[in-house]
Amino acid sequence: MEDCIFCRIVKKQMPAEFLYEDEQIIAFKDIHPKASVHLLVVTKKHIKNLAEFSIEDAPLMTHILFMLPKLAKQQGLTEGFRTIINTGKGGGQEIDHIHFHLLGDHHKVNN
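Residues numbered from 1 in each chain as written. Predicted model: local features only at pLDDT ≥ 70, side-chain atom pairs only at ≥ 80, totals over all residues. Heavy atoms only, no water.

S.K.: Help me understand helix α2 (residues 58-74), please; the structure alone is not making it clear to me.
M.R.: The end-to-end C-alpha distance of α2 is 25 Å, a good match for the 24 Å that 17 residues give at a rise of 1.5 Å each. Along α2, the sharpest kink reaches roughly 25°, centred on M67 and followed within four residues by the proline P69. Burial in α2 covers these residues: L60, M61, H63, I64, M67, L68, L71 and A72. Elements that come into contact with the buried residues of α2 comprise β1 (18-21), β2 (25-29), β3 (37-43), β4 (82-84) and β5 (99-104). Positioned one or two residues after α2, G76 has a phi angle of 85°, which is positive. (Helix = DSSP H or I, 4+ residues; strand = E, 2+ residues; numbered from the N terminus. Expected span 1.5 Å × (residues − 1). Bend = angle between axes of the 7 residues up to and from the residue. Buried < 20%, exposed > 50% of the residue type's maximum accessible area, 1.4 Å probe, protein only. Contact = heavy atoms within 4.5 Å.)

This is the structure we're talking about:
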């Protein structure tokens, strides 16, 4: 979609601090982080929200679910992390392009 900010980021028409990219998804830092690590994992395919996923998108969803723990580990989230999918205005979704929030805080090791 022309007016979709995430589609423009996917096409590199807008800047973002990319941390991961493959043929299906991109991951970049949220510009308004709610934790010390707050990434957005965005599908390259424009899908409005979780309610719009179809059975044909099942391999994409599987790929995302396998990548989330790997991305968390790369960011040093060894003690755990949160994932959030907001769906629709009533669910807090601000941008109509499916995206997953990956959040966590680094824990200090006591010696």
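S.K.: Please clarify how the packing of aromatic side chains should be interpreted in this entry.
M.R.: Remark: the centre distance and the inter-plane angle together describe each pair of aromatic rings, the angle taken between the planes. Under the criterion given, the structure shown has two aromatic pairs. Centre to centre, the rings of F6 and F28 are 5.9 Å apart; their planes meet at 70°, and the pair counts as edge-to-face. A residue pair is termed long-range when its members are at least 10 positions apart, and F6 in helix α1 (residues 5-10) and F28 in strand β2 qualify at 22 residues. An identical accessibility class is assigned to F6 and F28; each is buried. An aromatic cluster is built from F6, F18 and F28, whose rings are joined through pairwise contacts. Across the ring face of F18, the terminal group of K12 is positioned such that the distance to the ring centre comes to 5.0 Å. (Phe/Tyr/Trp six-rings, centres within 6.5 Å; stacked < 30°, edge-to-face > 60°. Lys NZ or Arg CZ within 6 Å of the ring centre and 35° of its normal.)

S.K.: I'm lost on the sheet that holds β4 in this one. Help?
M.R.: Within a sheet, each strand pairs with its neighbour through backbone hydrogen bonds, oriented either parallel or antiparallel. Spatially, β1-β2-β3-β5-β4 is the arrangement adopted by the five strands of the open sheet, whose pairing is antiparallel. Whereas interior strands pair on both sides, the edge strands pair on one side only; in this sheet they are β1 and β4. Across the sheet, the axes of successive neighbouring strands diverge by a mean angle of 20°, strand direction being ignored. As judged from the three bridges shared by β1 and β2, these two strands associate in the antiparallel manner. Bridged to E21 within β2 is I26. Strand contacts of α2: β1, β2, β3, β4 and β5, with the helix running at about 20° to β5, the strand carrying the most contacts. (Pairing = 2+ DSSP bridges. Axes fitted to C-alpha atoms, helices over the stretch in contact; angles between N-to-C directions.)

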